[in-house]
Amino acid sequence: MNLLRGISFRTFNIATLQLAALLVPRRQRGEWLKEWQSELWHVRQACAAEDRISRQDEQKVAAFCLGAFQDALCLRRHLREGTASGQYLAAASHCIVFLAGLATVTYCLAMLLPGTRTAAQPSPYRDARNLMLLTRAGFAGTSAPTIRAEQFREWSTRKQHLFSPSLFTCPPSKL
Amino acid sequence: MTGEPRLSHTAAMILQAVDAGYIYGFSIMEMTGLPSGTVYPAMRRLERDELIHSRWEQQSIADEEQRPPRKYYKLTRAGKATLDASRKRYPLLAKLVPPHEVKSV
């Protein structure tokens, strides 16, 4: 009975250390666990007299093992603090790469939308902002010219008539 | 260097214990009466601050004595200087942790 109790208690102690080890970063875990297991062996040796361990000593050993959690958390925090500055630099460069990637994807998607490509291209006209599109009456909403070139030239030579009030008067039939 | 770091009483006691010859975790626990959850994290901090350094015992020595190898701690030069400053700050430190006779490791 005592042997069974001893084995189960020992298994519990080792399991406690293994569980605490999960908190330690993987790179340091092996050495950390080795140190704690070695210390546990010595703690048990100091507590157990003639292969028997009292209930009070069991509590001492259990308390020792529970301290491993504090140590694991402490080590984890130290390592995190140590690498924090490097991580910030890496985070900044990752952020820039991510934003550049996002901008590229957004640009490609925008180019797939109808009309975006022509809108994004520079205008072939010299003073595009001040250009007017002259169309025949009834052709509203079109982007293509609807008067012939000679008609435009004729209008150009008759500037004085272009801005006369009659131009803006709609024919009665259109009203 | 601007001066030795100011240690807490617990850290100073652990440093004193290492200097006194209690060179592994469990012996420091026994000597100081501090729990494992205090001693081991404090030793990690002391090692991080380069006041102590650790090394593993040779496997052959441990095998001879049929036990797992231990991790031993030793004061660095900065650790000694810090301990001297701590002794001035905590005059009872040496009395709390008397020297320990140990075989050389």
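In what follows, the structure referred to is the one given above.
Quick caveat, the model's predicted, so the values are computed rather than measured. (Residues numbered from 1 in each chain as written. Chains lettered and ligands numbered in written order. Predicted model: local features only at pLDDT ≥ 70, side-chain atom pairs only at ≥ 80, totals over all residues.)

Just checking my understanding: could you explain the environment of B:A11 for this structure?
Residues and elements named next belong to chain B. Within the element layout of this structure, A11 appears in helix α1 (residues 9–20). Measuring from C-alpha to C-alpha, the distance between A11 and P41 comes to 10.0 Å, with 30 residues separating the pair along the chain. Non-local contacts of A11, meaning those with residues more than four positions away in its chain, are made with A42 and L46. (Helix = DSSP H or I, 4+ residues; strand = E, 2+ residues; numbered from the N terminus. Contact = placed C-beta atoms within 7 Å.)

Whenever I open this one, helix α2 (residues 26–47) of chain A confuses me. Can you help?
Note: α-helices contain 3.6 residues per turn, so residues at a spacing of three or four share the same orientation. In this model, α2(A) (22 residues) spans 31 Å end to end at C-alpha, consistent with the 32 Å of a helix rising 1.5 Å per residue. Within α2(A), the full set of buried residues consists of A:W32, A:E35, A:W36, A:S38, A:E39, A:L40 and A:V43. (Expected span 1.5 Å × (residues − 1). Buried ≥ 20, exposed ≤ 12 C-beta atoms within 10 Å, placed from the backbone.)

Mind showing me how you'd approach the interface of chain A and chain B here?
Quite often, the size of an interface is put as the accessible area lost when its parts meet. Every contact between the two is made by 16 residues of chain A and, on the other side, 14 residues of chain B. Elements with a contribution of two residues or more to the side of chain A that touches chain B: α2 and α3 (55–112) of chain A. The greatest single-element share of the side of chain A that touches chain B, amounting to nine residues, is contributed by α3(A). Across the side of chain A that touches chain B, the residue classes tally to seven nonpolar, six polar and three charged. (Nonpolar A, V, L, I, M, F, W, Y, C, P; charged D, E, K, R; others polar.)

Would you explain the packing of α1(B) against helix α3 (residues 36–48) of chain B in this entry?
Two quantities define a packed helix pair, namely the angle between the helix axes and the distance between the axes. All names here are of chain B. Taken N-terminus to C-terminus, the directions of α1 and α3 make an angle of 80°; their axes are 10 Å apart at the nearest point. With respect to their mutual orientation, α1 and α3 come out roughly perpendicular. Within the contact between the two elements, α1 uses T10, A11, I14 and L15 and α3 uses T38, V39, A42, M43 and L46. For the contact of α1 with α3, a count of residues per class yields seven nonpolar, two polar and no charged. (Axes fitted to C-alpha atoms, helices over the stretch in contact; angles between N-to-C directions. Parallel < 35°, antiparallel > 145°, perpendicular 65-115°, else oblique.)

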